[in-house]
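# Structural overview
The primary structure of each chain is shown beneath.
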Amino acid sequence: MAQQQWTAVDTYFSDVLIGDDPVLAAALAAADAAGLPQIAVAPNQGKLLHLLALTQGARRVLEVGTLGGYSAIWLARALPADGRLITLEIDPTHAEVAAANLKHAGFAELAEVRLGRAAETLAQLVADGTEPFDFVFIDADKPSNPVYFEWALKLSRPGTVIVVDNVVRGGAVADAGSTDPGVLGVRRLHELLAAEPRVSATSVQTVGVKGYDGFTLIRVGS
């Protein structure tokens, strides 16, 4: 019953504040047609990312975990015409669908999908001396969250905002005895955040069409 109510509320908010969006609908349809898992962020969560990046005044955005490009489109919409979005994806099919969706959305020149293991791609970005990013969204395999955060920090500047998705794990994050790799990854991430003087962070529980979950919001200081 609770899940039905959460879904109904999400649907209400999305209908009222977002409405029909043919580009985003087409992106989801293309992902479904290609057999991608239906784990993209919800519409209201996508718009939250958009508003956070917009409020940040982001010109450069990094995304770890592309899937079909749904959240990437939301993020790209927050960027100025000369902005840049780099999104990282390990699965060739996912990357192909995402690139096509970004092109259909009008962001072929602004957004780049980089194929490969994210940890290796992030390391290469650092090695290349890539200009720091203003906003980072991490939504990939949860056991690697600590690694992704550490690389994201190297690719940040004072004031950069980092968002890490799916950190509640259905409440299992509070279980100190858990052996689940995803839970362990999220708990290790929070241990790193607590010990890292260069960042300030908080985590928030959420409910909605995606069930019981939450995200971590991080701001990089000096």
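Shown above is the structure to which this text applies.
Thresholds, definitions, all that
Residues numbered from 1 in each chain as written. Predicted model: local features only at pLDDT ≥ 70, side-chain atom pairs only at ≥ 80, totals over all residues. Heavy atoms only, no water. Patch = residues over 30% accessible without salt bridge, like charges linked within 9 Å, V, L, I, M, F, W, Y side chains within 5 Å. Areas by Shrake-Rupley, 256 points an atom, 1.4 Å probe, with all protein chains shown as cover. Salt bridge = Lys/Arg side-chain N within 4 Å of Asp/Glu carboxyl O. Helix = DSSP H or I, 4+ residues; strand = E, 2+ residues; numbered from the N terminus. Expected span 1.5 Å × (residues − 1). Buried < 20%, exposed > 50% of the residue type's maximum accessible area, 1.4 Å probe, protein only. Arc of directions from axis to C-beta. Pairing = 2+ DSSP bridges. Axes fitted to C-alpha atoms, helices over the stretch in contact; angles between N-to-C directions.

### Let's talk about a nonpolar patch on the surface
- Nonpolar side chains collect at one region of the surface, where Val 9, Tyr 12, Phe 13, Val 16 and Leu 17 lie side by side and expose about 500 Å² of accessible area between them.
- Relative to the assigned elements, Phe 13 resides in helix 1 (residues 2-17).

### Observations concerning helix 3 (residues 43-56)
- The end-to-end C-alpha distance of helix 3, which contains 14 residues, comes to 20 Å, matching closely the 20 Å that a straight helix rising 1.5 Å per residue would cover.
- For helix 3, every residue scored as buried is listed here: Gly 46, Leu 49, His 50 and Ala 53. An end-on view of helix 3 places all buried positions within 100 degrees of arc, on one side of the element.
- Gly 57 occupies a position one or two residues after helix 3 and carries a positive phi of about 70 degrees.

### Some remarks on the sheet that holds strand 5 (residues 156-165)
- Here seven strands make up an open sheet; going across it, the order is 3-2-1-4-5-7-6 and the pairing mixed. Taken across any chain shown, the strands that pair with only one partner, and hence form the sheet edges, are strand 3 (111-115) and strand 6 (199-208). Sheet twist, expressed as the mean angle between neighbouring strand axes with direction ignored, is 15 degrees.
- In this structure, strand 6 lies alongside strand 7 (residues 211-220), joined through ten bridges in antiparallel fashion.

### Side note on unusual backbone geometry
- In this structure, Leu 67 takes a positive phi of about 55 degrees despite not being glycine.
- With respect to the secondary-structure elements, Leu 67 resides in the loop between strand 1 (60-64) and helix 4 (70-76).
- Even without being glycine, Arg 169 reaches a positive phi, approximately 55 degrees.
- Relative to the helices and strands, Arg 169 is located in the loop between strand 5 and helix 8 (181-195).
- By relative accessible area, which is 29% here, Arg 169 ends up partly exposed.

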